[in-house]
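Summary of the model geometry
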Amino acid sequence: IGKNNEMLWRLPNDLRNFKEKTKGNIIIMGRKTFESIGSKPLPDRINIVISRDTSFIDKEVAKERDNLIFLDRLEQAFLFAETQSTNSEKEFFVIGGEQIYRKCLEENRCSRIYCSTVDVECDGDVFFPEIELDKWVVTYYENITDPKSYLLSDENKNPLSYTYEVLERKKSL
């Protein structure tokens, strides 16, 4: 899903979909993801950043932002997000990175996955964890070829194809 704390591709339609889904809701991310988006909160969302290291926080920026919350444990983030979503009908989304995704999947913390799979081989250093597919059902599937998408390392900017899926966790009996 990345290399050197950066995305490997540009997918405008996927970014637009992400913005539409998360706007007005709560997003939870790790420190590296926060840094990769410019160390500033995404607008029109409550941004929760998880990190045990608070030295990277610009105290002045954080003080001015009521939509930016720093917590040191994922459990705190879920407690806060669950409280906010219950009171306001907001959804909450985990948006990265690898360690946060892994922990959420291991602890069965997520009930839905919005998954974009880019049809390309890349030299990444951060990966989305393996999903135990027998625990999930695909409720939406779409093949997308976006003429404005491309690998950031591709000088010719050849369009990429990707699939967009929504997976729902199967209910336990």
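The text that follows walks through the structure, step by step, so that each part is easy to find. (Residues numbered from 1 in each chain as written. Predicted model: local features only at pLDDT ≥ 70, side-chain atom pairs only at ≥ 80, totals over all residues. Heavy atoms only, no water.)

Below, the discussion takes up the overall build of the protein. If you tally the helices and strands in the protein, you get five helices and nine strands. Counted from the first residue to the last, the protein has its helices and strands arranged as β-α-β-α-β-α-β-α-β-α-β-β-β-β. Of all intrachain contacts in the protein linking residues separated by at least 6 positions in sequence, the fraction that spans at least 24 positions is 64%. With an accessible surface of roughly 11200 Å², the protein has 47% of that area assigned to carbon and sulfur atoms. (Helix = DSSP H or I, 4+ residues; strand = E, 2+ residues; numbered from the N terminus. Contact = heavy atoms within 4.5 Å. Areas by Shrake-Rupley, 256 points an atom, 1.4 Å probe, with all protein chains shown as cover.)

Strand order in the open sheet formed by three strands is E6-E9-E7, and the pairing between neighbours is antiparallel. The strands lining the two open edges of the sheet, one partner per strand, are strand E6 (112-118) and strand E7 (136-146). Taken pair by pair, the neighbouring strands of this sheet meet at an average axis angle of 15 degrees, ignoring direction. Note that E7 and strand E9 (residues 160-169) share 10 bridges and pair antiparallel. In the strand pairing of E9, Ile 144 is matched with Tyr 162. (Pairing = 2+ DSSP bridges. Axes fitted to C-alpha atoms, helices over the stretch in contact; angles between N-to-C directions.)

Another aspect to go through is the nonpolar core. In this structure, Ile 28, Ile 48, Ile 50, Leu 71, Leu 74 and Ala 77 are the most contacted members of the largest nonpolar core, which totals 13 residues. It is helix H4 (residues 74-88) that contributes the most residues to this core, four residues altogether. Aside from chain neighbours lying at most four places away, what touches Ile 28 is Ile 48, Ile 50, Leu 74, Ala 77, Ala 81, Phe 92, Phe 93, Val 94, Ile 95 and Gly 96. Within the second largest apolar cluster, 10 residues are counted, among which are Trp 9, Leu 11, Val 118 and Val 166. (Core = buried A, V, L, I, M, F, W, Y, C linked by side-chain atoms within 4.5 Å. Buried < 20%, exposed > 50% of the residue type's maximum accessible area, 1.4 Å probe, protein only.)

Before going further, it helps to spend a moment on the pattern of salt bridges. Per the stated rule, a full pass over the model turns up 10 salt bridges. Here Lys 23 makes a salt bridge to Asp 44, at a shortest N to O gap of 4.0 Å. Residue Lys 23 is found in the loop between helix H1 (12-22) and strand E2 (26-30), and its partner Asp 44 is found in the loop between helix H2 (31-36) and strand E3 (46-50); the two are separated by 21 residues along the sequence. Note on Lys 23: relative accessible area 44%, which makes it partly exposed. In this structure, Lys 135 and Glu 132 form a salt bridge, with 3.3 Å as the shortest nitrogen-oxygen distance. Lys 135 sits in the partly exposed class, given a relative accessible area of 34%. One salt-bridge network, held together by shared partners, links Arg 73, Glu 75, Lys 103, Glu 107 and Arg 109. (Salt bridge = Lys/Arg side-chain N within 4 Å of Asp/Glu carboxyl O.)

Where two aromatic rings form a pair, the distance of their centres and the angle of their planes describe that pair. In total, this model carries five aromatic pairs according to the counting rule given. Measuring from ring centre to ring centre gives 5.6 Å for Phe 78 and Phe 92, while their planes differ by 70 degrees; the resulting arrangement is edge-to-face. Remark: Phe 92 occurs in strand E5 (residues 92-94) and Phe 78 occurs in helix H4; sequence separation between them is 14 residues. Taking relative accessible area as the criterion, Phe 78 reaches 2% and is therefore assigned buried. You can call Phe 92 partly exposed: its relative accessible area is 26%. Measuring from ring centre to ring centre gives 6.0 Å for Phe 93 and Tyr 114, while their planes differ by 40 degrees; the resulting arrangement is tilted. With a gap of 21 residues between them, Phe 93 in strand E5 and Tyr 114 in strand E6 connect regions that are remote in the sequence. Look at Phe 93 and you get buried, because its relative accessible area is 9%. On the basis of relative accessible area, Tyr 114 is assigned to the partly exposed category, the value being 30%. (Phe/Tyr/Trp six-rings, centres within 6.5 Å; stacked < 30°, edge-to-face > 60°.)

Turning our attention to the sheet that holds E2. Across the sheet, four strands lie side by side as E4-E3-E2-E5; this open sheet has parallel pairing. The open sheet has two edge strands, strand E4 (68-71) and E5, and neither has a second partner. Averaged over all pairs of adjacent strands, the angle between strand axes in this sheet comes to 20 degrees, irrespective of strand direction. In the sheet, E2 pairs with E5 via three bridges, with the strands oriented parallel.

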